[in-house]
Amino acid sequence: QGSFSCSDERLAKIWEISARTLKLCMEDVFTDCPLYEQTLWVGDSRNEALFNYTAFGHADIARRCVRLAALSLDRLPLIQCQVPSTWETIIPVWGFLWNLMVWDYYEYSADKEFLSWVYPYALKNLKQAEAMSDDRGLFSAPFWNMFDWSGIDDGHRTVLHNSMFAVGAIDAALRAASVLGKNEDQEWLNAYRSRLVTAINALWRDDLGAYPDSVHDDGTVSEKVSIHNVFLPLLFDIAPPEHKPALLSHLTTPPSDMTPIGSPFAILYMF
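Predicted model, so just to flag it, every value in this text is computed and none were measured. (Residues numbered from 1 in each chain as written. Predicted model: local features only at pLDDT ≥ 70, side-chain atom pairs only at ≥ 80, totals over all residues. Heavy atoms only, no water.)

A. Broad picture of the packing of aromatic side chains. One pass over the full model with this rule turns up 19 aromatic pairs. Their ring planes at 45 degrees and their centres at 6.0 Å tell us that Phe-265 and Tyr-269 sit as a pair that is tilted. Here the residue Phe-265 and the residue Tyr-269 both occupy positions in helix 10 (residues 264-270), the gap between them amounting to 4 residues, near one helical turn. Among the residues examined, Phe-265 registers a relative accessible area of 17% and is labelled buried. We note Arg-67 situated over the ring of Trp-117; from NZ or CZ to the ring centre the distance is 4.4 Å. (Phe/Tyr/Trp six-rings, centres within 6.5 Å; stacked < 30°, edge-to-face > 60°. Helix = DSSP H or I, 4+ residues; strand = E, 2+ residues; numbered from the N terminus. Buried < 20%, exposed > 50% of the residue type's maximum accessible area, 1.4 Å probe, protein only. Lys NZ or Arg CZ within 6 Å of the ring centre and 35° of its normal.)

Structure follows, in structure tokens:
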């Protein structure tokens, strides 16, 4: 349904290649690729759904992906990273992106009936995430705590980008709660959001003008800083006004020792 034309033929060709690539990954669900795994990776599906709305205008495939992922909460503490699967692995960021995908779907489709069905799952994902808070108030769990294929110091229980995506997931749930008139849930969601934001900002490094990657399992704070923890606190309105100038400066001219983005998947969130 979507189309693109430009006087620069290279851009027109890029759009054509991109739309065809996405189409090849649209089967009964969004899959990660048309050849190797052909798997519904939940985080990947959120990105694919966004571009599908523009290029193809299909809400049904996005709804199916949201539903299949929701049902994984009947068996696991958080949204499973790929569904359906006997590989019971959790990537917390993928689960929080699923919360964002729930709102994306409603924002595009205005399908309030489905929003009502999926909302309890969206809330359950966040309530069970809150139960995994450490003493600092950050999300902390022994899962596959990755976001991007880069050099992020993420081999620990407490990885800061997880808590940042949790804030984004809460914001998506707050919008859904508002549509459905769930006032009591909004109070809880706002309180959880406040605790996460306070805990994240407590780790701000004035000397670096940035947030660290993680807290190691022995309690020491990571010395590594990644560009991801620059754009995520801006994207999800986590950083207070006094931190934003330093973060914006790093976006345009990142320090040489700051871990860069490793994949186009993550570039979407910087954009």
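B. Expanded view of the environment of Leu-203. Tracing the backbone through its elements, the reader meets Leu-203 in the loop between helix 7 (183-201) and strand 2 (214-215). Residues Leu-203 and Glu-187 lie 16 residues apart in sequence; the distance between their C-alpha atoms is 25 Å. Here Leu-203 is in contact with Arg-136, Leu-138, Leu-160, Pro-212, Val-215 and Val-221, once residues within four sequence places are set aside. (Contact = heavy atoms within 4.5 Å.)

C. Highlighting the pattern of salt bridges. With the rule as written, the count across this model stands at 10 salt bridges. Here Glu-16 ties to Lys-13 by a salt bridge, and the two come within 3.4 Å at their closest N and O atoms. Here Lys-13 and Glu-16 lie together in helix 1 (residues 9-24), a separation of 3 residues that amounts to about one turn. Ionic pairing is found between Glu-223 and Arg-205, a salt bridge with its closest N-O pair at 3.8 Å. A residue pair is termed long-range when its members are at least 10 positions apart, and Glu-223 in the loop between strand 2 and helix 8 (228-235) and Arg-205 in the loop between helix 7 and strand 2 qualify at 18 residues. Several salt bridges share partner residues, and in doing so they unite Arg-205, Asp-207 and Glu-223 into one network. (Salt bridge = Lys/Arg side-chain N within 4 Å of Asp/Glu carboxyl O.)

D. Structural detail: helix 7. The end-to-end C-alpha distance of helix 7, which contains 19 residues, comes to 27 Å, matching closely the 27 Å that a straight helix rising 1.5 Å per residue would cover. For helix 7, the full list of buried residues reads Asp-185, Trp-188, Leu-189, Tyr-192, Arg-193, Leu-196, Val-197, Ala-199, Ile-200 and Asn-201. The inward-facing, buried residues of helix 7 contact helix 5 (112-130) and helix 6 (160-180). (Expected span 1.5 Å × (residues − 1).)

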